[in-house]
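Topology and contacts: notes
Listed here are the chains, written in short residue letters.
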Amino acid sequence: MPRCLDGGYTTSASAPCSDHGTALAGSLVLAVQDPISPLYLSSQLDQLTCKACSAWTGGFASICKSAASSQNVPTSAVFCATPPLGPMPNYMQINITQISVFGTSQTLSDTGVWERPLFLGAFTTPQTLFDRYEVPVEVAVSSTASNSQSVAEFLGQYYAPSDLDMFFDIMGAVPADVDLIGPNDDTDPGGEASLDIQFLMGIAQNITTTFWSLGNLHEGQEPFLEWILEVLNDQNPPLVHSISYGDDEPSLEVAYMKRIDVEFQKAGARGLSIIFSSGDNGVNAADPSNEDSCTQDERFVPGFPASSPFVTAVGGTQFSTASYAACGMSVLGVPVSCEAVGEITSSIATGSRITSGGGFSDVFAMPSYQSEQVKAYLSTEGSSIPSQYFNASGRAYPDVAACARNFLVVISGELDPVDGTSASAPTIAGLVALLNDQLLARGKPPLGFLNPLLYSLGRTNQARYFNDIIMGDNSCGEDINNCCPYGYSAAIGWDAVTGLGSPRFTHLLTTVLQI
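Our next topic: the environment of P305. Residue position: P305 is located in the loop between β14 (303–304) and β15 (312–320). Among the residues examined, P305 registers a relative accessible area of 0% and is labelled buried. Each C-alpha atom of the pair P305 and I243 lies 9.5 Å from the other, and the pair is 62 residues apart in sequence. If we ignore the near neighbours within four places in the chain, the residues touching P305 are F224, Y245, G246, F264, F276 and V311.

Written out as structure tokens, the structure reads:
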């Protein structure tokens, strides 16, 4: 958003700041990846695309609305987009300074200079995930008619079949039938539902997929009990379920959560895999609207159903060339350059739009299948967090992680980049469906409840089965300027932000076929 010379905001899109006396003439952007190779982008006014925030659509709309909210200006304020700045290597931290120019000798005052870290990254497609998680081409398309998978959708989230068809076309994915249970308004596709079904079916292709939609609410929140009861009452329910919703544990009755947990146990006993996202707000302060909440309340807030011991909770990562500590350090003033792309914790502190959720339940005890790895974490990285902030004997989550950054999703016929553990969950669910596919093709039962197997493989040889994420933490939630003083750090082995790490599919497949 261009600030005018008097410090105000403009509502004139055709001649920005003319309503404040001196019209905008252009923009200067300085991008510094390192002091040796700064990049400059000088744009004249006719090279800028300026609109009122309320007039932007797609990804720009969410960006300008967030900026307008943080700067306390109305959506009638004008925001301008510059031409692309480049070339710059992906996955590297870039420091950006943007200066509004009003004439040959007039620039905006220092208060208007915008500086923040920007982490670039390629867009994520199913093929990106196949490459990263080592999925052979020959197993990405199902050949087993008995395989099945599902997404659960609440809160009025719907999908458009036309968007799904377009996604299949542009991603080169093999389509499959969609069975609809519950309401769906294809004229009002939501970002959540579109992301879930497109990437579940884009990863596990040619598998009949159920879009399980519930229109009711439970005390104003997602009807998790109603949903799982519907699933278990089905004579032939889908084998894998991806769910990208959750609530704070304190917002639900303990008896209600425990009842749902019993149903999750039943689902596992029937050979169903239930996979939940871990949340997008990091450690989740007790009151995110209060900037001092972490300090005053001295308590993190776990999320449910990710905190249930009988679901597989999925955290979020982002691709980065700074995936180990040496990257970003300097030797005699020369920065260490790392080129290989790895993964770090997804966090707004490192350029993602979300921060991976994770922590310890206040309701459910730590299950035996994870106690060894979790206690090892608590004795090292976890020991730096004061004990009053979390329940060290509670069920720890997430269990695993996957990329949560820049997923290309078709919404109302347009491509939009989306971040979230809502992307990680269907990614993992799709990979589990592909593992099931190979098992079913050999006459073997599906995987069902995953966690005892995952933690057993982690104890046996974590590096063989998982990409261990060791950089980043989840201290920052929704507001980069309001991070908690503590957060769970990624670490060698299991950690409370990325779990055991992201999957190495080929090694997992080899082992599960031998079970």
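What follows continues from the structure just given.
By size, the foremost hydrophobic cluster in this structure holds 99 residues, and its most contacted members are W227, I274 and F360. The biggest single contributor to this core is helix α9 (residues 421–441), with ten residues. Formed by nine residues, the second largest nonpolar core is a distinct cluster that contains C53, A68, V73 and F79.

With an omega of 10°, the peptide bond running from F304 to P305 counts as cis. Note that the residue after Y397, namely P398, is joined by a cis bond; omega there is 5°. Within the secondary structure, P398 is located in the loop between β20 (394–397) and β21 (400–403). The backbone phi angle of L155 is positive, close to 60°, even though this residue is not glycine. Looking at where L155 falls in the secondary structure, it is placed in the loop between β8 (149–153) and α3 (161–171). For L155, a relative accessible area of 44% translates into the label partly exposed. Backbone geometry places S412, a non-glycine residue, at a positive phi of 55°. Take S412: it is sitting in the loop between β22 (407–411) and β23 (414–418). Judged by relative accessible area, S412 falls into the exposed class, the value being 53%.

Turning our attention to the side chain of N436. In this fold, N436 is placed in helix α9. Classification of N436 by relative accessible area gives buried; the value is 0%. Apart from residues lying up to four places away in sequence, N436 is in contact with N147, L239, V240, P446 and L447.

Moving on to the environment of P83. Looking at the secondary structure, you find P83 in the loop between β4 (78–81) and β5 (93–103). In sequence terms P83 and Q47 are 36 residues apart; their C-alpha atoms lie 6.9 Å from each other.

Calculation notes
Residues numbered from 1 in each chain as written. Predicted model: local features only at pLDDT ≥ 70, side-chain atom pairs only at ≥ 80, totals over all residues. Heavy atoms only, no water. Helix = DSSP H or I, 4+ residues; strand = E, 2+ residues; numbered from the N terminus. Buried < 20%, exposed > 50% of the residue type's maximum accessible area, 1.4 Å probe, protein only. Contact = heavy atoms within 4.5 Å. Core = buried A, V, L, I, M, F, W, Y, C linked by side-chain atoms within 4.5 Å.

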